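Survey of secondary and tertiary structure
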Amino acid sequence: MRHQYHPLGFEGSRIAQGFWRTHEWNMSASERLGFIEACLDFGVTTLDHADIYGDYQCEVLFGEALKLKPALRDKMEIVTKCGILLPSDNRPDIAVHRYDYRAKHILESVDQSLAKLECEYIDTLLLHRPSPLMDADEIAQALDLLFTLGKVKHFGVSNFSAAQFDLLQSRLDAPLVVNQLELSPLALQHFDDGSLDHAQRHVVTPMAWSPLSGGALFSGKDEKTLRVRQVLMAIAESMQISIEQVVVAWLLRHPSGICPVMGSGKIDRLRLVVESHDLVLSDDDWFRVWVASQGHSVP
Ligand SMILES: NC(=O)c1ccc[n+]([C@@H]2O[C@H](COP(=O)([O-])OP(=O)(O)OC[C@H]3O[C@@H](n4cnc5c(N)ncnc54)[C@H](OP(=O)(O)O)[C@@H]3O)[C@@H](O)[C@H]2O)c1
């Protein structure tokens, strides 16, 4: 599968794999290594993490696997995130579930991620969610330092509005290269709120989190989900492919260059969507999904 080359220097695979659910996969370290190697073999080289995943343990599980074959490090782009504080048994120092973008926290969080991931650098660090208290000048100082120290190569954000993105960018020397957003046939809000227009204008890669709505596309019983699933099944049947393949083709069809971050722990599911990554959905089918999700025809 081809890579996406970002004019501002960021490089990533067309489809990414997320590690949010690693702790649920019930894999030994060598099985996790096998999973990572399979991702890389498929050309899925962008691997998405966050400090908080699995109660702060998913990065550890990844690092344990990578330690078994450190030479793999340079074959992948590691994305991780910071900024959410999550009280947990693993972090008794955290009292309140909240956000923290003080320079001290950003710097400490990156050091902890590097140690857990068994890495010397992070390819792309994302600010996980916008905070009402974030101070763009203070954040910029921390990010500049991380870049100068060689700990992080690129920066991006997640769940940021266009205005929040612009505010932070206005204080940074380095370009923000990613905005990771919830994008799926059941989550259309960012197709309509200017986020994807903004991404195209500024050549920012939109990464789609929970592209299959975290599995709800297959199990949800509400009216909207039933409507969307029915349309996806009809398209899948007519094209002789699976629902996952239709959804990924639907996301890849968007002109902003969406990079879906797949979350399954079953490697064959990833293999399937990678094999069909150049499959093109007709505009008729694209709009059938859109209309089913909106619940009404286009005006
Ligand atoms: N930036 C953010 O705020 C944010 C938020 C959430 C997630 N993320 C990132 O996005 C990544 C992907 O999120 P996600 O895990 O929700 O992605 P997803 O691909 O939408 O959902 C994955 C879930 O769907 C299930 N699934 C997949 N195919 C299925 C099928 N055919 N039938 C039934 N179930 C199926 C998987 O189960 P199996 O494992 O059994 O296949 C898994 O539980 C995360 O790993 C994380 O890196 C970021």
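As named in an unreviewed UniProt entry, the chain is Aldo/keto reductase, taken from Marinomonas transparens. Per UniProt, the comment on the chain under Sequence similarities (unreviewed entry) is "Belongs to the aldo/keto reductase family. Aldo/keto reductase 2 subfamily."

Before going further, it helps to examine the nonpolar core. Soluble globular proteins tend to bury their nonpolar side chains together. Within the largest apolar cluster, 80 residues are counted, with the highest numbers of intra-cluster contacts made by Leu-125 and Phe-191. For this core, the element with the highest residue contribution is helix 11 (residues 243–252), accounting for eight residues.

For any two helices packed against each other, one specifies the inter-axial angle together with the distance between the axes. Remark: helix 10 (residues 223–239) packs on helix 11, axes separated minimally by 9 Å, with the N-to-C direction vectors making an angle of 100 degrees. The pairing of helix 10 with helix 11 is recorded here as roughly perpendicular in orientation. Two secondary-structure elements touch here, helix 10 through Arg-229, Leu-232, Met-233, Ile-235 and Ala-236 and helix 11 through Ile-243, Val-246 and Val-247. By residue class, the composition of the contact of helix 10 with helix 11 is seven nonpolar, no polar and one charged.

The next subject is the environment of Ala-199. Take Ala-199: it is sitting in helix 8 (residues 195–201). Relative accessible area serves as the criterion here: at 4%, Ala-199 is assigned to the buried category. With residues up to four places along the chain from it excluded, the contact list for Ala-199 reads Val-204 and Pro-206.

Around the ligand sit 28 residues in total, of which Arg-21, Asp-48, Ser-210, Ser-264 and Lys-266 are the nearest. Between an oxygen atom of the ligand and a main-chain N or O atom of Ser-213, the distance comes to 3.3 Å. Contact distances for the ligand include 2.5 Å between an oxygen atom and a side-chain N or O atom of Lys-266. For the ligand, the accessible surface in isolation is 920 Å², of which the surrounding protein chains cover 86%.

This brings us to the packing of aromatic side chains. Counted under the stated rule, the structure contains 11 aromatic pairs. Put simply, the rings of Phe-191, Trp-250, Trp-286, Phe-287 and Trp-290 pair up and form one aromatic cluster. Its guanidinium or amino end placed over the ring of Tyr-56, Arg-91 lies 5.0 Å from that ring's centre, counting from NZ or CZ.

Residues other than glycine seldom take positive phi values, yet Asp-55 does so here, at roughly 55 degrees. Along the chain, Asp-55 falls in helix 2 (residues 53–56).

On the UniProt side, "domain: NADP-dependent oxidoreductase" (unreviewed entry) is annotated at positions that read residues 15–287 here. This span, residues 15–287, is 45% helix and 16% strand, and a straight line between its end C-alpha atoms measures 22 Å.

What counts, and at which threshold
Residues numbered from 1 in each chain as written. Predicted model: local features only at pLDDT ≥ 70, side-chain atom pairs only at ≥ 80, totals over all residues. Heavy atoms only, no water. UniProt positions renumbered as here; feature names shortened; annotations may be inferred. Core = buried A, V, L, I, M, F, W, Y, C linked by side-chain atoms within 4.5 Å. Buried < 20%, exposed > 50% of the residue type's maximum accessible area, 1.4 Å probe, protein only. Helix = DSSP H or I, 4+ residues; strand = E, 2+ residues; numbered from the N terminus. Axes fitted to C-alpha atoms, helices over the stretch in contact; angles between N-to-C directions. Parallel < 35°, antiparallel > 145°, perpendicular 65-115°, else oblique. Contact = heavy atoms within 4.5 Å. Nonpolar A, V, L, I, M, F, W, Y, C, P; charged D, E, K, R; others polar. Near = heavy atom within 4 Å. Polar contact = N/O pair within 3.5 Å; in protein donor to acceptor, adjacent residues only side chain to side chain. Areas by Shrake-Rupley, 256 points an atom, 1.4 Å probe, with all protein chains shown as cover. Phe/Tyr/Trp six-rings, centres within 6.5 Å; stacked < 30°, edge-to-face > 60°. Lys NZ or Arg CZ within 6 Å of the ring centre and 35° of its normal.

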